[in-house]
Amino acid sequence: MSAHHPIAIIGAGLGGLTAARVLHVNGIQAAVFELEASAEARTQGGMLDIHKENGQKALHAAGLYEDFLKIVHEGGQEMRLVGPDATVHVSEKDDGTGARPEVDRGDLRDLLLKSLPDGTIRWGRKVTGARALGDGRHEVTFADGTAITTDLLIGADGAWSRVRPLLSDATPAYTGISFAETDLYDAEARHPRSAAVVGGGFFISLGSGRGFLAHRETDGSLHVYAALKAEEGWLDTVDFTDLVAAKTAVLAHFEGWHKDLRALVADADTITPRRIHALPVGHRWERIAGVTLLGDAAHVMSPFAGEGANLAMLDGAELAEALAAHPGDTEAALTAYEQTLFPRSEASAVESAASLETMFGERGLEQMIEFFTAGPAAA
C-alpha cells in the first residue's frame with residue numbers, strides 16, 4: 001500500500017525546506033522526502049551570500065529573518081581579487097552595511113530544519129521513479145521499496161532531478177568549467193600563510209581560463225575551488241583517491257602562478273572533483289497538473305552569479321505563498337508561481353553564463369577589476 005500525502009516535496013535542500021517552512025507558517029502541511037540518511041549524513045559545505053532581493057525575502061516569508069541574523073558570518077562580506085602573481089587588485093572590507101551577508105550553508109539548513117514540525121522530513125528516501133496517475137495525482141517510488149501518492153508533487157531534488165522528466169526532457173549540460181574543491185582545516189594555526197592570502201571573506205584569483213575561488217569558513221577552515229576551463233572528461237583522468245597525485249595533476253594547470261596561490265591546492269587536507277553543469281538558459285515547461293519544480297531542479301546554472309541558493313529559497317517561498325493564496329485551486333497557484341519563476345530564473349541564468357565567460361576569458365582578471373572598481377552603477 002502507498003501512503004498518501006496531499007503535498008510531497010522531494011529534496012530537503014534549502015529550496016525544499018523553505019517551501020515546507022512557508023507552507024507551515026501558512027497552516028499547510030507538507031511531507032519532505034530526502035535521500036540522505038539524516039541531517040548529519042554529510043557536511044553541507046561552502047559559504048553563501050544571502051541577497052536582500054531574494055534569499056532574505058524568503059527568510060522574511062519563513063519568519064526566520066531575525067534568527068538568520070544570529071548565524072551571519074561577521075566579516076564574511078570582505079572581498080579580495082588578485083592576479084596569478086598574487087598582486088591584490090581589489091580589496092573590500094566588510095563594514096556590516098552590505099546587502100549580502102555571508103552564512104554557512106550548513107547553519108542555514110539547520111535553521112530551516114529546526115523550524116519544521118517533527119516528522120516533516122522522511123530521511124533515507126531515494127527516489128527511483130515518478131509517474132502520473134491522472135487527475136493531477138502522482139506516485140513516487142523509493143529505493144527502499146516504499147511508495148507514496150500525492151496530489152501535488154514538488155521537485156526540489158537538484159540538478160539531476162527525478163521529478164523533472166514529468167515536465168521536461170531537458171538535462172543539464174557541462175559548462176566547460178571543472179572544479180577541484182579543496183579544504184584547508186584550522187587555517188590560522190595550520191595554514192597561516194594561506195589564511196592571510198585569502199583574508200576574512202571571499203577571495204578570487206583569475207588568469208587565462210583558470211583561477212581560485214575561496215571562502216573563509218565560520219569554522220576557521222578555507223574552502224577553495226581551483227577552477228579550470230577543461231574538457232568534460234579531464235577529471236576522469238585524475239585519481240582523486242590519491243591526494244598527492246590529484247594535487248600534482250591540478251597544479252600542472254597552474255604552472256607559473258605564485259606559490260601562495262598554488263598552496264591553496266598543495267597544502268590542502270582534502271580534494272574533490274566537481275564538474276559545473278547548467279540547464280539551457282530559459283528552461284521552462286508547459287503546465288502539467290499536480291507537479292512543479294523549484295531550485296536547481298528547475299534552473300540549475302553555474303555558480304558565477306551567486307544566485308543558486310537564493311533563487312531556490314525564493315522559489316520555495318513564492319510557491320508556498322501561491323498555494324496559500326489559492327486554497328483549493330492548486331493549478332491556479334502553480335500557474336501564478338511559474339509565471340514569475342520562468343523570467344526570473346532566465347535572467348539569472350543569462351547573468352551566470354555571461355559571468356562564466358567573463359571570468360574565464362582571456363581578459364577575465366582585467367574585466368573583473370573593471371567590474372569591481374567602476375562604481376555602484378557597474379554592480
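Provided above is the structure to which this section pertains.
Residues numbered from 1 in each chain as written. Predicted model: local features only at pLDDT ≥ 70, side-chain atom pairs only at ≥ 80, totals over all residues. Heavy atoms only, no water.

Student: Can you walk me through the overall build of the protein chain in this structure?
Tutor: Broken down by element type, the protein chain carries 12 helices and 16 strands. Each principal axis of the C-alpha distribution contributes one length, and for the protein chain these read about 60 × 45 × 35 Å. Split into buried and exposed, the 379 residues of the protein chain put 52% on the buried side. Considering only contacts within the protein chain whose residues lie at least 6 apart along the sequence, 71% involve residues at least 24 apart. Accessible surface, the protein chain: about 16,400 Å² in total, of which carbon and sulfur atoms supply 50%. Side chains of the protein chain give 32 positive and 54 negative charges; the mean places of these two sets differ by 2 Å. (Helix = DSSP H or I, 4+ residues; strand = E, 2+ residues; numbered from the N terminus. Buried < 20%, exposed > 50% of the residue type's maximum accessible area, 1.4 Å probe, protein only. Contact = heavy atoms within 4.5 Å. Areas by Shrake-Rupley, 256 points an atom, 1.4 Å probe, with all protein chains shown as cover. Lys, Arg positive; Asp, Glu negative; His and termini not counted. Charge placed at Lys NZ, Arg CZ, Asp CG, Glu CD.)

Student: Quick question: what am I supposed to make of the environment of leucine 294 here?
Tutor: If you trace the backbone, leucine 294 turns up in the loop between strand S16 (291–293) and helix H9 (296–299). Judged by its relative accessible area of 1%, leucine 294 is buried. In this structure, the C-alpha to C-alpha distance between leucine 294 and glycine 282, residues 12 residues apart in sequence, is 14 Å. Those residues in contact with leucine 294, other than ones at most four positions away along the chain, are Gly15, Gly16, Ala19, Ile154, Gly155, Ala156, Ala312, Asp315, Gly316, Leu319 and Tyr337.

Student: What's the story with the pairing of strand S14 (residues 222–229) in this structure? I'm lost.
Tutor: The two faces of a sheet get side chains in turn, since along a regular strand they alternate between them. In terms of burial, S14 is a largely internal element, 7 of the 8 residues being buried. For strand S11 (residues 173–184) and S14, the ladder comprises 8 bridges, and the chain directions are antiparallel. Residue pairing in the sheet places threonine 182 in a bridge with valine 224 of S14. Where strand S13 (residues 210–216) meets S14, 7 bridges bridge the pair, whose relative direction is antiparallel. Directly across from leucine 213, in S14, lies its bridge partner tyrosine 225. Counted between consecutive antiparallel strands, the loop separating S13 from S14 contains 5 residues, among which glycine 220 sits at a positive phi close to 90°. (Pairing = 2+ DSSP bridges.)

Student: Which parts of the structure should I look at to understand the packing of helix H1 (residues 14–25) against helix H10 (residues 308–325)?
Tutor: Geometry of a packed helix pair, given as the angle between the helix axes and the separation of the axes. Running from N to C, H1 and H10 cross one another at 30°; their axes reach a closest spacing of 7 Å. As summarised for this structure, H1 and H10 are arranged roughly parallel, according to the angle between their axes. Like other packed secondary-structure pairs, H1 and H10 cross with a definite hand, here right-handed. Judged by residue contacts, Leu14, Gly15, Thr18, Ala19, Val22 and Leu23 of H1 engage Ala309, Ala312, Met313, Gly316, Ala317, Ala320, Glu321 and Leu323 from H10. Among the residues making up the contact of H1 with H10, the classes are represented as 10 nonpolar, 3 polar and 1 charged. (Axes fitted to C-alpha atoms, helices over the stretch in contact; angles between N-to-C directions. Parallel < 35°, antiparallel > 145°, perpendicular 65-115°, else oblique. Left-handed = near helix turned anticlockwise from the far one by under 90°. Nonpolar A, V, L, I, M, F, W, Y, C, P; charged D, E, K, R; others polar.)

None of this, on its own, says anything about what the molecule does.
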